[in-house]
Each structure stands twice: as structure tokens, then as C-alpha cells.
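Per-entry structural report
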Amino acid sequence: MRKKIETEKIETTASKNRKEVIKLDDVCKVYNMGEGVEVTAICGINFVVHEGDFSCVLGPSGSGKSTLLHIMGLLDTPTSGKVYIDGIDTTKMSPDEQAAVRGQKIGFVFQMFNLIPSLKAWENAAIPLTIRGVPLVEREKRAKELLTKLGLGERLDHYPSQLSGGQRQRVAIARALINNPAVILADEPTGNLDSKTGREVIDILVNLNKEGKTIVLITHDNSLTRVAQKIWRIKDGRIKMDGADESGKDAGKDAGKYNDVNNEV
Ligand code: ADP
Ligand code: MG
């Protein structure tokens, strides 16, 4: 028990000295469905990710996980609140500026892989380089090297339909990594995989974290949280960090307790 408390203290101190790569300050997202109907997907979100963290956001279906990931990854904008990336308030940026930050600093992995069926494995992995205008020879070389590192050296010219689920997800991970982003955001990356293949994908994320990548893993699967250093729970659009009292201060004033969604919305 003492050991656990000491570890928490060390972790809290360690977090304080590390850069905040992502910080959400009182973020809400309300979808306007027309005819006066509104859906509050998330609200009162105070959330922080420090450089080098492996954070897990755990919550049931419909709790607001994907909405949260889209907002922290600048794929969507909040209705209110601030989103800081590397300490810079992105909510003041133009969509082009946000896209530039996203492209440079964040890689995404999704449950459905989101590969383009008509492109070979290496071409899919190279998409972010194509968008940046990197010459063909260079992007082919880098994509093939990365896929080989991820164990797909024999599958470089295969199309997504010729790959297993686990192989497709590894192509998607290569695509997320190819611009060498500091952060990987993974939304239910094992959701479409059997448990063994899912573990392999998690192992890849763990190894990337050991190499220095900051990882945010979003899942409804409690068993995956064992690999995380920090666990956040999201429920009905509200979030709290596990064991947040002292360490919850890192996350902002409301970390450590669920807010009552009905009070503020
Ligand atoms: P999760 O990823 O945890 O399953 P989501 O973030 O996808 O949850 O959804 C959270 C809530 O917001 C749900 O009630 C969902 O129906 C609602 N929601 C998500 N996206 C939209 C949208 N584009 N329009 C309206 N409601 C949405
Ligand atoms: Mg989701």
C-alpha cells in the first residue's frame, strides 16, 4: 500500500515536470439536431495529457469517448471551452492552422482502420506524406520501412481486402506514425479484432510509448487499462481521472469527481 502511495507521489511530481501536450479546459460539445433539439455529448471536461503519458479513457458506448477524441485531436471543435496543444490555445486558430497542428503533432488510429481500399498497404501508410507533397520515391521508402518495422514486410503491396484485421490495423498505425507525431490518439483500436490480435495491437502501442510517443487509448474494454499509466473514466459525457485527488489537480479543478450534467447544461 505504501509502495502504491509512493508511486503515485512520484508520478504526480513527474507529471508536473513534463510538458502538457494536450489540455482541455471546461470543454463541452452540444450537437444541434434542429427543431430546438440538442444533444450534449460531453460537458465540463477538464483533461490533460503530459508528454510521454500512456493514458486510457474508459467508458461505455455513447459516453462521449469519440467526441472527446475528435476534439482533443482537432478533428472537431468544442461548443465551449478551450483546447490547448503544447500550451497553445487552438480554439483561436483558423481551420487551416488547426489542420497544420493536427498533421504535424497528432496521429490517429480508428476502430474501423479507415484504409482506402484501392491503395496498397504502403500507399495507405504514405497518405500523410502525399498530403504534405513528399516526393514519391521518398514516401515509398519511408512507408515500406515503417511497415517492415511493424512486421508487414511481406505485405507491402497487398490491398486492404487482402489483409487480416490485425494487419490492416498495423497499416493504420503506420499511417498514424509516418509524420512522426508526438501523440497517437487511438479510438477503440482493438474493437474489430479478436482478443489475441487486439493484444498485439496494444503491445505495439506500449512499445511506441516506450520509444517516447505519448499515447491516448480510448476504449470500453476494462481489461486494456492495465497497460496505462493514467486511467480516466468517462460516463454520460463527464470525465474523471482514477485516484484523482492530489494528482487530479493536474487535470484541473473538476478532476476527481463527476459533475452533475443536469446542473450545467
Ligand atoms: P462513444 O464514442 O463513447 O460511443 P460518442 O462520442 O460517439 O460516444 O457519442 C456521445 C453522445 O453524443 C451519444 O449520445 C451520441 O449519440 C451523441 N453524438 C455523437 N455524435 C453525434 C452527432 N454527430 N450528432 C448528434 N449526436 C451525436
Ligand atoms: Mg466511439
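The coordinates are above.
Here's what I pulled together on the structure shown here. (Residues numbered from 1 in each chain as written. Chains lettered and ligands numbered in written order. Predicted model: local features only at pLDDT ≥ 70, side-chain atom pairs only at ≥ 80, totals over all residues.)

Thoughts on the pairing of strand β4 (residues 80–85)
With five bridges joining them, strand β1 (residues 20–34) and β4 adopt antiparallel strand pairing. Looking across to β4, one finds that Lys23 is bridged to Tyr84. As paired strands, β4 and strand β5 (residues 88–89) are joined by two bridges and run antiparallel to one another. Each bridged residue has a counterpart across the sheet, and for Ile85 the counterpart in β5 is Ile88. Linking β4 to β5, which pair antiparallel, is a turn of two residues; within it Asp86 sits at a positive phi near 50 degrees. (Pairing = 2+ DSSP bridges. Helix = DSSP H or I, 4+ residues; strand = E, 2+ residues; numbered from the N terminus.)

Things to note about the sheet that holds strand β2 (residues 37–50)
The strand order β2-β1-β4-β5 describes an open sheet built from four strands, whose pairing is antiparallel. Strands at the two margins of the open sheet, each flanked by one partner only, are β2 and β5. Of the pairings in the sheet, the one linking β1 to β2 comprises 10 bridges and is antiparallel in character. Across the sheet, the residue bridging to Leu24 is Phe47, located in β2.

Observations regarding the site of ligand 1
Close to ligand 1 lie Tyr31, Val39, Ala41, Gly59, Ser61, Gly62, Ser63, Gly64, Lys65, Ser66 and Thr67, which account for all nearby residues. Of all the secondary-structure elements, those providing two or more residues to the shell around ligand 1 are β2 and α2 (65–72). Of all the elements, α2 adds the most residues to the shell around ligand 1, at three residues. Broken down by class, the residue content of the shell around ligand 1 amounts to three nonpolar, seven polar and one charged. (Near = placed C-beta within 6 Å. Nonpolar A, V, L, I, M, F, W, Y, C, P; charged D, E, K, R; others polar.)

Focus on the sheet that holds strand β3 (residues 54–58)
Here we have six strands laid out as an open sheet, ordered β6-β7-β8-β3-β9-β10, and mixed in their pairing. Taken across any chain shown, the strands that pair with only one partner, and hence form the sheet edges, are β6 (106–110) and β10 (238–241). Strand-to-strand twist across the sheet, computed as the mean angle between neighbouring axes with direction ignored, equals 15 degrees. Helix-sheet contacts for α2 involve β3, β7 (183–187), β8 (214–219) and β9 (230–235), and the interaxial angle to β7 is about 155 degrees. (Axes fitted to C-alpha atoms, helices over the stretch in contact; angles between N-to-C directions. Contact = placed C-beta atoms within 7 Å.)

Details of the pairing of β8
Taken across its six residues, β8 has six buried, putting it largely inside the fold. Of the two faces of β8, the one lined by Thr214, Val216 and Ile218 and the one lined by Ile215, Leu217 and Thr219 are each fully buried. Across five bridges, β3 lies against β8 in parallel orientation. For Val57, the partnering residue across the bridge sits in β8 and is Ile218. For the handedness criterion, the β-α-β arrangement of β7, helix α8 (residues 195–210) and β8 is classed as right-handed. (Buried ≥ 20, exposed ≤ 12 C-beta atoms within 10 Å, placed from the backbone. Right-handed = clockwise from strand over helix to strand, strands pointing away.)

Observations concerning helix α6 (residues 136–149)
One turn of an α-helix holds 3.6 residues; hence residues three or four places apart share an orientation. The end-to-end C-alpha distance of α6, which contains 14 residues, comes to 20 Å, matching closely the 20 Å that a straight helix rising 1.5 Å per residue would cover. Looking only at α6, the buried set comprises Arg139, Arg142, Ala143, Leu146 and Leu147. Relative to the axis of α6, the buried residues are bounded by an arc of 130 degrees and lie together on one face. Its buried side turned inward, α6 meets α4 (121–125), α5 (127–131) and α7 (165–177). Positioned one or two residues after α6, Gly151 has a phi angle of 85 degrees, which is positive. (Expected span 1.5 Å × (residues − 1). Arc of directions from axis to C-beta.)

So, the environment of Pro60
Among the structural elements, Pro60 can be located in the loop between β3 and α2. C-beta crowding within 10 Å serves as the criterion here: with 12 such atoms nearby, Pro60 is assigned to the exposed category. Expressed as a C-alpha distance, the spacing of Pro60 and Ile234, which sit 174 residues apart in the sequence, is 7.8 Å.

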